[in-house]
Amino acid sequence: MVAPEALGWSVDNCTIGRAMAILGERWTVVVLREVFNGIRRFDDMRQRTGIPRQVLTDRLAMLVDEGLLRREPYREPGARSRHEYRLTAKGLDLWPVLVAVLEWGDRYLADPEGAPMTTVHRDCAAQVRVVLRCADGHEVTSPRDVLPRPGPGAHRRS
């Protein structure tokens, strides 16, 4: 049996590992889901999700520090100034990832009645789904149609 070529590449520079260091904790993805759904204020997030106060504080701070969210001040009449959380361009770029996770969850984890939420295109109301395409525009429908190759930042294992 021939050893996979990838065994010769170092994983020390792995961007999947780096991304999961940010996104890999359950509450982080729940916070992002809420912000994508338009829930931007701390108390609304806490009430809607049941995330413990300190956990939510920590996740929001980390997402701001990582540049996925930005804090925007607001003030209700007669109340002190507070912040809501808005997606940055870096945060918005995670939308296809969340849609892919949603599709996978709907396929394998939904209740028998079906998915609790759907995402639709604002202009035509058709369901939104993730589609993979190569740089030449061909739709990639199977993981078996994709080959890993070292990129410009790859390092050979020593």
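Scroll up to find the structure.
Below or above, wherever it landed, is the structure these notes cover. Being a predicted model, the structure only gives us computed values, none of them experimental.

A few points about the packing of aromatic side chains
No. 1: Enumeration according to the criterion identifies two aromatic pairs in this entry.
No. 2: The interplanar angle of 40° and the centroid separation of 5.1 Å between the aromatic rings of F36 and W95 together place this pair among those described as tilted. Pair noted here: F36 is in helix α2 (residues 26-36) and W95 is in helix α6 (residues 95-108), with a separation of 59 residues, a long-range link.
No. 3: You can call F36 buried: its relative accessible area is 18%.
No. 4: Between the aromatic rings of W104 and Y108, the centroid separation amounts to 5.6 Å while the plane-to-plane angle is 50°, which identifies the pairing as tilted.

As for a nonpolar patch on the surface
No. 1: Residues W104, Y108 and L109 make up a contiguous nonpolar surface patch of about 390 Å² in total accessible area.
No. 2: Considering the arrangement of structural elements, one finds Y108 in helix α6.

Some words on the side chain of T49
No. 1: For T49, the position within the fold is in helix α3 (residues 42-49).
No. 2: A distance of 3.2 Å separates a polar atom in the side chain of T49 from the backbone nitrogen of I51.
No. 3: The contact partners of T49, leaving out residues within four places of it in the chain, are W27, V30, R33 and E34.

Thoughts on the pairing of strand β2 (residues 81-87)
No. 1: Taken together, the seven bridges between strand β1 (residues 69-75) and β2 define a ladder with antiparallel strand orientation. When the sheet's bridge partners are listed, R71 is paired in β2 with Y85.
No. 2: Counting the residues in the hairpin turn of β1 and β2 gives five residues, including G78, whose phi is positive at 80°.

Considering the environment of A115
No. 1: With respect to the helices, strands and loops of the structure, A115 is situated in the loop between α6 and β3 (132-133).
No. 2: For the pair A115 and D145, spaced 30 residues apart in sequence, the C-alpha to C-alpha distance is 29 Å.
No. 3: Residue contacts for A115: discarding those within four places in its chain leaves D106 and A110.

Procedures and definitions
- Residues numbered from 1 in each chain as written.
- Predicted model: local features only at pLDDT ≥ 70, side-chain atom pairs only at ≥ 80, totals over all residues.
- Heavy atoms only, no water.
- Phe/Tyr/Trp six-rings, centres within 6.5 Å; stacked < 30°, edge-to-face > 60°.
- Helix = DSSP H or I, 4+ residues; strand = E, 2+ residues; numbered from the N terminus.
- Buried < 20%, exposed > 50% of the residue type's maximum accessible area, 1.4 Å probe, protein only.
- Patch = residues over 30% accessible without salt bridge, like charges linked within 9 Å, V, L, I, M, F, W, Y side chains within 5 Å.
- Areas by Shrake-Rupley, 256 points an atom, 1.4 Å probe, with all protein chains shown as cover.
- Salt bridge = Lys/Arg side-chain N within 4 Å of Asp/Glu carboxyl O.
- Polar contact = N/O pair within 3.5 Å; in protein donor to acceptor, adjacent residues only side chain to side chain.
- Contact = heavy atoms within 4.5 Å.
- Pairing = 2+ DSSP bridges.

Purely spatial values, then, with no claim about function.
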